[in-house]
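The residues making up each chain are set out below.
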Amino acid sequence: MADLAIDPRIELNPTLVQGGMTYADVSEKISAITENKPPKQWYYLITISSLMTVMLFGCLGYLVVTGIGVWGNNNPVGWGWDITNFVWWIGIGHAGTLISAVLFLFRQKWRTSINRAAEAMTLFAVACAAIYPLFHTGRPWRAIYWLFPAPNEYLHLWQNFRSPLEWDVFAVSTYGTVSLLFWFTGLIPDLATLRDRATNRVRKVVFGILSLGWRGSASQWRHYELAYLILAGISTPLVLSVHSIVSFDFATSVIPGWHTTIFPPYFVAGAIFSGFAMVVTLMTVARWVYNLQNLITIKHLENMCKVMLATGMIVGFAYGTEFFIAWYSGNAYERFAFLNRAFGPYWWAYWTMLTCNVVSPQLFWFKKFRTTPALMFIIAIFINIGMWFERFVIIATSLHRDFLPASWGYFKPTWVDIGTFAGTIGMFLTLFLLFLRFLPAIAMSEVKGVLHQQIEEGKGNH
Amino acid sequence: MAHTHSQETDAYFVPLRTWAAVRNAILFVAVLGWIGALAGYATDPEHFFWSYLVAFLFSISIAIGAAFFVMVQHLTGSAWSVTVRRLMEALMRTLPAFLVLFAPLPLGLHYLYEWSRAGAAKDPLLKLKIGYLNEQWFTIRGFLVIGLLSLWALVLYAKSRKQDDSGAVRLTLSAERWSAPGVLMLFVGSSIVGFDWIMSLNPRWYSTMFGVIFLAGGAMAFMAVIIVLCLWLRSNGYLVHSVNTEHYHDLGKWLFMLMVFWAYVSFSQYMLIWYANMPEETIWFKNRFTGSWLYVALLLVAGHFIVPLFAMLPRAVKRSRGALAFFAGWLLLMHYTDLYWQVMPVFYKSGFGMSWLSPVCLVATVSTMGLVFWSSFREKPLVPVGDPRLKQCLAFHNA
Amino acid sequence: MATSFLDNLPIPEFLKPREEAPHYGVVGDFDTPEELLRAIRTLRVAGFTKMEAYSPFPIHGIDEALGEPRSPLGRIVITAAVVGLAGAVALQWWTGAVDYKLNVAGKPLFALEPSVPIMFELTVLLAAFAAVLGMFYLNRMPTYYHAFFNFSRAGGASNDRFLLAVEAADPKFRGEELKTLLDSLGSRHSELVEA
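Rules and cut-offs
Residues numbered from 1 in each chain as written. Chains lettered and ligands numbered in written order. Predicted model: local features only at pLDDT ≥ 70, side-chain atom pairs only at ≥ 80, totals over all residues. Heavy atoms only, no water. pLDDT = per-residue confidence, 0-100. Helix = DSSP H or I, 4+ residues; strand = E, 2+ residues; numbered from the N terminus. Salt bridge = Lys/Arg side-chain N within 4 Å of Asp/Glu carboxyl O. Buried < 20%, exposed > 50% of the residue type's maximum accessible area, 1.4 Å probe, protein only. Pairing = 2+ DSSP bridges. Contact = heavy atoms within 4.5 Å. Buried area = accessible area lost by both parts, 1.4 Å probe. Polar contact = N/O pair within 3.5 Å; in protein donor to acceptor, adjacent residues only side chain to side chain. Axes fitted to C-alpha atoms, helices over the stretch in contact; angles between N-to-C directions. Parallel < 35°, antiparallel > 145°, perpendicular 65-115°, else oblique. Left-handed = near helix turned anticlockwise from the far one by under 90°. Nonpolar A, V, L, I, M, F, W, Y, C, P; charged D, E, K, R; others polar. Core = buried A, V, L, I, M, F, W, Y, C linked by side-chain atoms within 4.5 Å. Domains from an automatic or database assignment. Expected span 1.5 Å × (residues − 1). Bend = angle between axes of the 7 residues up to and from the residue. Phe/Tyr/Trp six-rings, centres within 6.5 Å; stacked < 30°, edge-to-face > 60°. Patch = residues over 30% accessible without salt bridge, like charges linked within 9 Å, V, L, I, M, F, W, Y side chains within 5 Å. Areas by Shrake-Rupley, 256 points an atom, 1.4 Å probe, with all protein chains shown as cover. Disulfide = S-S within 2.5 Å.

## A few points about the confidence of the model for chain C
Here chain C averages 87 in pLDDT, and 89% of its residues register 70 or above. The spread of mean pLDDT over the elements of chain C runs between helix H2 (residues 62-66) of chain C, the lowest at 85, and helix H4 (residues 112-138) of chain C, the highest at 95.

What follows is the structure in structure tokens.
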């Protein structure tokens, strides 16, 4: 039975910290990124992304001064790129929480070298997402009275808490807040490392204040670990709830193509799918720019590819279920809505979505695609595009065919729509680049914990 | 590890005499159950088929849940569950038996499904669906889905058994490769049968979420069964050390999570239909809130979600074997109630009702499943002894 | 020390000048978590009770070694979660069905179905704040001065060193003598640290 012999080449528990790194090497490698001058590419990138951010502010300023009419939204497509972009950005954020919370609960140790950056990505994505509903109000400075139950000059005037849009306000603001708390809690021990390594006064003071006097004592770790576990425990249902509530914006309505009960889990799976695509997009680049191959190993990237494959299949499964049930319902409106999606005026958007989201991840069945950063980067970009189109298809195709054929229309974006969307990408990249420059992009204390387990298991680096 | 666990070992084999005694007990119950069921069929076929449908759904949902969970364990390469995986696999291996257990259903279609009756062809809405909802395709789909699930179950089980002797790592990786398409097949398949077997009882009604709810309920019930089985074996002196408090804690967490997931998908379906308030959709819930069915619905809200949510939250509860046994048993009962509440209001239109055949059919299907399950342990280990992650699992410790 | 004049005055205990411990304790510096744990266990057997370990990552089993109980954070979080849940129900019921009754699409002024999302979100929000602020409170953070930082190699605890402090408050504390004891347990550098 030769084929049953144990194959020494097969590793069940791959080494997650490679290159014989020690604890001190981990501190050195990761802290050095924030202590030294960044490489040239960083300056090029941030120049471009800051210019795009300036364009974002320009577009938003123009919108505030002129009015919402500068966007392409109009009857019957009252929600256009704004909500598309909002849902897209929120979805991207979900991978961060998934990696930091869900994988933590499932004891997937491979999360450790990517969770910090993914969480940062969550925060920046939520910030980008929040721009759209905020500016869709037209007067964002007054939005606090419209969105939150804040005391106002009209006594007894309150929000309509029965509206899914109001649920969204609570879901997204809770999500942003909890993600920030989670991220900062995770950062504390690493900020203490930066504080202890600081050689100049400014860094000493800044990181001294930020690390809150962390000493790394056993009694501190005791509460800290439990706090982290609890945060992971509550972030897990939170991340499910946020995209479910986003899906309620559509699914509680009676519009064919929107009102379908599978929306909540299907939106969550789509969010994870697009979020992982964005993590892979950013991490393959960051890994290459900063030489982090020993910390963000091919195994990490391969696992993310597998998650994309799995969630891509779930999304494809949901597309199929929707189509099947639309036919099965025997409801003429449902049937029309879905046929119109695939073969109506927006057929090009639908087939772009299907190609990018369902066909392209199939390449991840091949090991070659799961282990070559350049290839997975390209597929991840396709998935990002596909997931944007998914939201656009759901929103635009369901709205552009009203129940009244006289009001049928076709949505076209304006230059402000395009400028704002490109601008948020710029803002996202700017924030991410600043994060890479000034904060530890990999959770040092957690990587050291994984390294310690490796040493225990006899794959030691000491 | 700094800890010096005195690693005591369990007996992984059930002695043949004990095994035969248990087998005979299950066989006895099964024979009684089937005699009762046949008597019911002969005297009151209508009640028989309705009761049998619920019993069949209850049993197969657990087997599907087992297949789902085994594949997920392979895909995530999880170490904590190795010592209980053979029990999961044995439950999964009962799937081929459902090819036989499914056979009575096509005989009783006219009692159960409105679309199979003569009037359907004249109904303006139902005639649109006749290409899907008809006797031939219902039967073919049923056998096809159970057949595919059985194929995967047998292949994965065979690999795991083979590893008992060889310990080859390659088998673990091969099981992982089978599991990836397997999970996809299972999602699609269980969705289809969820639509066919339960949703089409109300042939005008539709909900895209329905298959997911069926799978979620089954996965939760499966986890409850695993906990009950482990505790039963433990009380007889098996798996005392290999499934310790740490493992029970994790099984308890899974039971809790799957219970919450069921609640999440069920609530989403209900809330979306409540909110849109369209008559062709709300009718499904309206039927199920009629008369005393409302109390069953409320029992599900409380017993299948709110009470276990709060009661199972503390760490101590998940680590206490007595409490865990209670909640596992309770949630199994709730799973049966859930299926009963989904199916039976179509038959008992004005309020809750139950025939003596319901418990009898349940005994018949569950004991049949039990026989197949138990046959996996005739001079075969209770634990995948050749699994490369077994050692890791035995030393497992919760954070 | 001779009985001082102050001891005879009827002044409350907390106003009396305390005898300042001149030292924080003796701190030793270990290479690995295993050596640190071994040292803790040995010292516990020897009767030391006031010890503190410092490490760059949490070490499994150190709480048991130091004899620390489980953190009470869970109870704080549960309390906050219940407050959040109740607050969400109260907010939606009072604003919708009492203070500002507005018929929207014929929906009931207050019903549980549409209230669940915000009930969930506020529960989570308060629980998360309680987890983080509770952890800060239990850890007395921020505390920017701590005697431990007087140790010349305190920075090692956030890098790659595993430190053990035997505090001056320990009844068996013997100052300089402890340095040799820690050295014998594997400490690379032991130091009497000023308070």
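## What about the pattern of salt bridges?
Counted under the stated rule, the structure contains 26 salt bridges over all chains. Among the ionic pairs, Arg222 of chain A bridges to Glu68 of chain C, the shortest N-O distance being 3.4 Å. Placement of Arg222 of chain A in helix H8 (residues 218-251) and of Glu68 of chain C in the loop between H2 and helix H3 (73-99) is noted, with the two residues assigned to different chains. Since its relative accessible area comes to 24%, Glu68 of chain C is described here as partly exposed. Between Arg341 of chain A and Glu322 of chain A there is a salt bridge, with the nearest N and O atoms lying 3.7 Å from each other. With Arg341 of chain A in helix H11 (residues 332-343) and Glu322 of chain A in helix H10 (residues 298-329), the pair connects residues that are 19 residues apart, well separated along the chain. Across the pair, exposure class does not vary: Arg341 of chain A and Glu322 of chain A are buried alike. A network of salt bridges, in which partner residues are shared, links Arg85, Arg86, Glu89, Arg161, Asp164 and Asp387 of chain B.

## Concerning the pairing of strand S1 (residues 23-30) of chain C
Residues and elements named next belong to chain C. In terms of burial, S1 is largely enclosed, as 7 of its 8 residues are buried. Across 6 bridges, the pairing between S1 and strand S3 (residues 162-167) is antiparallel. Bridge pairing in S3 links Gly28 to Leu164.

## A closer look at the interface of chain C and chain A
Counting residues at the interface gives 62 residues for chain C, matched by 56 residues for chain A. Ranking the residues of chain C by area buried against chain A places Phe57, Glu121 and Ser158 of chain C at the top, with a combined share of 11%. If you look at where chain C meets chain A, you find 1 salt bridge. In this assembly, chain C and chain A are joined by 21 residue pairs in polar contact (both at pLDDT 80 or more). When residues of the side of chain C that touches chain A are traced back to their parent elements, those giving at least two are helix H1 (33-45), strand S2 (51-54), H2, H3 and H4 of chain C. Sort the elements by how many residues they give to the side of chain C that touches chain A and H4 of chain C lands first, with 16 residues.

## Quick look at the side chain of Ser268 of chain B
Relative to the elements of secondary structure, Ser268 of chain B occurs in helix H10 (residues 245-276). Setting aside its immediate chain neighbours within four residues, Ser268 of chain B contacts Phe248 and Pro264 of chain A together with Met209 of chain B.

## Regarding the sheet that holds S2 of chain C
Sheet strands pair via backbone hydrogen bonds, and the direction of the pair is either parallel or antiparallel. Residues and elements named next belong to chain C. If you walk across this open sheet you meet the 4 strands as S2-S3-S1-S4, and the pairing is antiparallel. Each of the sheet's edge strands pairs with one partner strand only, and the pair in question is S2 and strand S4 (191-194). If you compare each strand with its neighbour and ignore which way they point, the axes differ by 30 degrees on average.

## Brief notes about the packing of helix H3 (residues 81-105) of chain A against helix H15 (residues 415-438) of chain A
All names here are of chain A. It is at 10 Å that the axes of H3 and H15 come closest, and there the two elements cross at 20 degrees. Judged by the inter-axis angle, H3 sits roughly parallel to H15. Crossing handedness for the pair H3 and H15: right-handed. Counted together, Trp81, Asn85, Trp88 and Trp89 of H3 and Asp417, Ile418, Phe421, Thr424, Ile425 and Phe428 of H15 form the full contact between these two elements. Looking at the contact of H3 with H15 residue by residue, the class counts come to 7 nonpolar, 2 polar and 1 charged.

## Here's the deal with the nonpolar core
Ranked by internal contacts, the top residues of the largest apolar core, which has 331 residues, are Trp89, Phe276 and Phe435 of chain A, Phe56 and Trp197 of chain B together with Leu164 of chain C. Here the element with the most residues in this core is helix H2 (residues 45-76) of chain B; it accounts for 20 residues. Split by domain, the residues of this core number at least three in each of domain 1 (22-70 + 146-194) and domain 2 (73-138) of chain C. Ignoring any residue separated from it by four or fewer positions in sequence, one finds Phe276 of chain A in contact with Ala95, Leu98, Ile99, Trp110, Met304, Val307 and Met308 of chain A.

## Describing H3 of chain A
Residue and element names in this part refer to chain A. With 25 residues, H3 should cover 36 Å at 1.5 Å per step; its first-to-last C-alpha distance of 36 Å lies within 8% of that length. Its axis deflected by about 40 degrees at Leu98, H3 carries its strongest bend there. Burial analysis of H3 places 23 of its 25 residues in the buried class, the great majority of the element. Directly beyond the C-terminal end of H3, a positive phi value near 55 degrees is found at Arg107.

## A word on the packing of aromatic side chains
For the structure shown, the criterion picks out 98 aromatic pairs over all chains. Aromatic pair Tyr266 of chain A and Phe267 of chain A: ring centres 5.7 Å apart, planes at 90 degrees, arrangement edge-to-face. The same class applies to Tyr266 of chain A as to Phe267 of chain A, namely buried. Arranged with centres 5.6 Å apart and planes meeting at 55 degrees, the rings of Phe317 of chain A and Phe187 of chain B form a pair that is tilted.

## As for the pairing of S3 of chain C
Residue and element names in this part refer to chain C. With respect to burial, S3 is a largely interior element, 6 of its 6 residues being buried. The side-chain alternation of S3 yields two buried faces, one formed by Phe162, Leu164 and Val166 and the other by Leu163, Ala165 and Glu167. Note: S2 against S3, 4 bridges, orientation antiparallel. Note on S3: the bridge partner recorded for Tyr54 is Leu163.

## Topic: the environment of Asn287 of chain B
Position of Asn287 of chain B relative to the elements: it lies in helix H11 (residues 279-288). Leave out the neighbours within four places in its chain, and Asn287 of chain B touches Asn202, Trp293 and Pro345 of chain B.

## Examining the domain arrangement of chain C
Partitioning chain C into domains gives domain 1 (22-70 + 146-194) and domain 2 (73-138). Each of domain 1 of chain C and domain 2 of chain C was reduced to a C-alpha centroid, and the two centroids are 45 Å apart.

## A look at a nonpolar patch on the surface
Residues and elements named next belong to chain A. Taken together, the side chains of Leu339, Phe343, Trp347, Trp348, Trp351 and Tyr410 make up a nonpolar region of the molecular surface, amounting to roughly 680 Å² of accessible area. The set of elements that each furnish at least two residues to the nonpolar patch consists of H11 and helix H12 (347-359). For Leu339, the position within the fold is in helix H11. Since its relative accessible area comes to 49%, Leu339 is described here as partly exposed.

## Focus: the environment of Ala147 of chain C
Residue and element names in this part refer to chain C. Following the sequence through the fold, Ala147 ends up in the loop between H4 and S3. Here Ala147 falls in the buried class, since its relative accessible area comes to 13%. Expressed as a C-alpha distance, the spacing of Ala147 and Val193, which sit 46 residues apart in the sequence, is 7.7 Å. Those residues in contact with Ala147, other than ones at most four positions away along the chain, are Tyr24, Val193, Glu194 and Ala195.

## Details of the state of the cysteines
Residue and element names in this part refer to chain A. Within this structure, the stated rule accounts for 0 disulfides over all chains. Cys59 carries a free sulfur, and the closest cysteine sulfur to it, the one in Cys128, is 14 Å from it. We classify Cys59 as buried; its relative accessible area is 5%. Cysteine Cys356 is unpaired, with the sulfur of Cys305 as its nearest cysteine sulfur at 16 Å.

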